Amino acid sequence: MLTQQENELLCLVEGDAPMGQIMRRHWLPACLSEEVAEPDGDPIRVRLLGEDLVAFRDTDGRVGVLDEMCPHRRASLVLGRNEECGLRCLYHGWKMDVEGNVLEMASEPAESKMVEKVKHKAYPTHEEAGFVWVYMGPADEQPEFTAPVFQPTPETKVSISKVIVDCNWAQILEGAIDSAHSSSLHSTDMVPARIGGAEANDKLWLRPSTDKAPRLQLQKTRFGFRYAALRRPITDAKTHDYVRTMLFIAPYTVQIPPNNLYDIAILHVPIDDTHTAFHFITWGDEATTPDTESWRKFLGTQIGIDLDARFRKFRSRENNYWQDRRIMQLGTATPGSGASPTRTSPCGRPWAPSPTAPTTGWAPATWPSSSSAARWFRPPRPCSRVVRRSAPASRAFHITSSNLSRALCPRRPTGGSWVPLLRKPNSTKPSRTSSPSDRSASDRLNKTINE
Ligand code: FES
Ligand SMILES: [Fe+2]
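Cut-offs used in this document
- Residues numbered from 1 in each chain as written.
- Chains lettered and ligands numbered in written order.
- Predicted model: local features only at pLDDT ≥ 70, side-chain atom pairs only at ≥ 80, totals over all residues.
- Heavy atoms only, no water.
- Buried < 20%, exposed > 50% of the residue type's maximum accessible area, 1.4 Å probe, protein only.
- Helix = DSSP H or I, 4+ residues; strand = E, 2+ residues; numbered from the N terminus.
- Arc of directions from axis to C-beta.
- Pairing = 2+ DSSP bridges.
- 1 Å grid on protein atoms, 1.4 Å probe; cavity = no way out; pocket = protein on both sides within 12 Å on 5 of 7 lines; lining within 4 Å.
- Points joined across faces, edges and corners; volume = space filled by probe spheres on them.
- Nonpolar A, V, L, I, M, F, W, Y, C, P; charged D, E, K, R; others polar.
- Salt bridge = Lys/Arg side-chain N within 4 Å of Asp/Glu carboxyl O.

On to helix α1 (residues 4-11), then. One turn of an α-helix holds 3.6 residues; hence residues three or four places apart share an orientation. Every buried residue belonging to α1 is among N7, L10 and C11, and all of these are buried. Across the axial projection of α1, the buried residues extend over an arc of 85°, all falling on one side.

The next point concerns the pairing of strand β1 (residues 28-32). Most of β1 sits inside the fold, with five of its five residues counted as buried. Summarising the sheet, β1 and strand β11 (residues 131-134) pair through four bridges and their orientation is antiparallel. Across the sheet, the residue bridging to L32 is F131, located in β11.

A few words on empty space enclosed by the protein. Scanning all chains against the criterion turns up six cavities of 30 Å³ or more. Estimates place the volume of the second largest cavity at around 100 Å³. Lining the second largest cavity are M190, A198, E199, W205, L206, R207, Y242, R244, P257, P258, N259 and I264. Looking at the lining of the second largest cavity, the elements with two or more residues in it are β15 (205-207) and β18 (240-249). Ranked by the residues each element gives to the lining of the second largest cavity, the list is headed by β15, at three residues. Of the residues assigned to the lining of the second largest cavity, the class counts are eight nonpolar, one polar and three charged.

With that settled, consider the pattern of salt bridges. Oppositely charged side chains may form a pair once their charged atoms are brought near each other. Applying the stated rule across the entire model yields 22 salt bridges. Ionic pairing is found between E51 and R24, a salt bridge with its closest N-O pair at 2.7 Å. Of this pair, E51 sits in strand β3 (residues 51-57) while R24 sits in helix α2 (residues 18-24), placing them 27 residues apart in sequence. By relative accessible area, R24 is classed as buried at 10%. D67 is paired through a salt bridge with R74; the nearest N and O atoms lie 3.2 Å apart. On the basis of relative accessibility, which here comes to 12%, the residue D67 falls in the buried class.

Here C409 shows up in strand β22 (residues 406-410). For the pair formed by C409 and H240, sequence separation is 169 residues and the distance between their alpha carbons is 5.3 Å.

None of the figures reported here should be taken as evidence of function without further support.
Here you go:
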């Protein structure tokens, strides 16, 4: 069981909170590139780790992420004019560039030297893989940005679904690393089938098992941890296990197993203590990876249908997340309408905003000890320690998905563990990952076994 103090250490990210300070030492996704697509387009409000920021693309196409409030009298720069390579405050006309340099002070006398003395808060940015990334930590600790795993080459197709979720980041992350829930919550859209491994089509994910109680084998790693979830398969149940392996890459990334068409990563970016930007990302070959619109439709995260223009879901606690009990009476497991693997994840979290609130009665500490999430949170190795010791996420990202399995594999001898077979994920050099469709997951796992 976690103490309240440990729980807060894990979950809280605002101000001087240790977890927030750890997050600041990693490159964080501030927004999607598409949100600031146009030079001199509308600035947008960004909130990260409890800090209010403004993002904009200037005339030359550079993206800036600045303190939202003007350095003069704290008017919001989201309301300002984006023109001629700077953001001009509406109040007195001060103008800042993407690096926080004050270019003009319209309200000051021409002879004033103040323009040389004021510098607005601006964070380093980098644009890649569909995101504007920002570094919010100390300058002397800034890690070099390296391409994320979901963009191994510039040609790799990447599609991103983004949703703002009204609860703490760790609370969502635990869902991403909780294999067991997928067999119940997602049983309608991850349909059991007589197949050799996880497969996808344009409406459903298929899995070769009906087992709702996976046995988990966990391995701590330099970058976080990974585990194998073993299930009884529908076919060859006497001789095989259905093995799904996943990675937790500290501090906010999860890679769940790929299917026969594409890979998947999830980024949980803390907006503040009670809100999270949830990104569900697919990547792979052009021919088999969904495009952005198809991906969002598949997930039930389309702007204008499921989300507003700022990625906030229309489903809410007030409308019971559009729960359709008529459909449920017909045997549907998920409370939302339609069928997609993550519809109930980003769109209908029936959770309290913060697991640290003493009145919620819900906390990671209440989880059964068999869940990977509980092992992650539980002392002696709570997440904060894992994160502190881990390589920066930008480097850890290059742990490829080549060791992720989602297939039927020959059963290990009684008592045998899959964990030793999960070694060597530690390639830290960017490398091109071949498509899951290029080779079977069991081939990849066997390759690992033989290394
Ligand atoms: S408050 Fe922005 S210029 Fe005065
Ligand atoms: Fe889920």
